[in-house]
Amino acid sequence: MALWNLWHGCHKISPGCQNCYVYRQDARHGKDSSVVTKTASFDLPVKRDRYKNYKLPSGSIVYTCFTSDFFLEDADAWRAEAWGMIRTRSDLRFLFITKRIHRFYECIPADWGDGYPNVAICC
C-alpha cells in the first residue's frame, strides 16, 4: 500500500466537505488548504532507487490524491502527466475518491475507452 498525493489543497464544494480532515490538519500547521500546489511526491509511481528498480513495488495499491481531489480544476495542467504515470505503472492499482465526479468525462485521457484496469474511482 502507498499514498500518492500528487497535489495538495482543495476547495470545499458540498456539505460533505464541511469537516474535511485536510482542512483540519492544515489549520494545525497554519497552512491554507485552499491553495493548490504540486507536491514533491508528484512523480512517486515512477521514482526509482539507485538500482533502477521502482520504489513502489509491483502489485501495490496506491491511494491517490487523499489531500486533494484528482479531478480538481486547479490541477488540470498536471493531470495529463499523472495519467501518463498511471499508464506506465499498469502493474500498480490506483484508487481515487472524488467529490467531483461531474468532471470525470472532461478529465479522463483520450485512450480511456472502458477504463484502465488498474484504476478504481469512487465517488
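Residues numbered from 1 in each chain as written. Predicted model: local features only at pLDDT ≥ 70, side-chain atom pairs only at ≥ 80, totals over all residues. Heavy atoms only, no water.

Draft legend 1. Here's a closer look at the packing of aromatic side chains. For the structure shown, the criterion picks out 16 aromatic pairs. Where Trp 7 meets Phe 42, the ring centres are 6.4 Å apart and the plane angle is 35°; that geometry is what we call tilted. Residue Trp 7 is found in strand E2 (residues 7-8), and its partner Phe 42 is found in the loop between strand E3 (37-38) and strand E4 (61-64); the two are separated by 35 residues along the sequence. Note on Trp 7: relative accessible area 0%, which makes it buried. Considering the side-chain rings of Phe 70 and Trp 83, the 5.0 Å spacing of their centres and the 80° angle between planes classify their relative orientation as edge-to-face. In this pair, Phe 70 sits in the loop between E4 and helix H2 (76-88) while Trp 83 sits in helix H2, placing the two residues 13 residues apart along the sequence. Owing to a relative accessible area of 1%, Phe 70 belongs among the buried residues under this scheme. Residue class for Trp 83 comes out buried when judged on its relative accessible area of 2%. Joined through ring pairs, the aromatic side chains of Trp 7, Phe 42, Phe 70, Phe 71, Trp 78, Trp 83, Phe 96, Phe 104, Tyr 105, Trp 112 and Tyr 116 make up one cluster. (Phe/Tyr/Trp six-rings, centres within 6.5 Å; stacked < 30°, edge-to-face > 60°. Helix = DSSP H or I, 4+ residues; strand = E, 2+ residues; numbered from the N terminus. Buried < 20%, exposed > 50% of the residue type's maximum accessible area, 1.4 Å probe, protein only.)

Any functional reading would require information that these geometric values do not contain.
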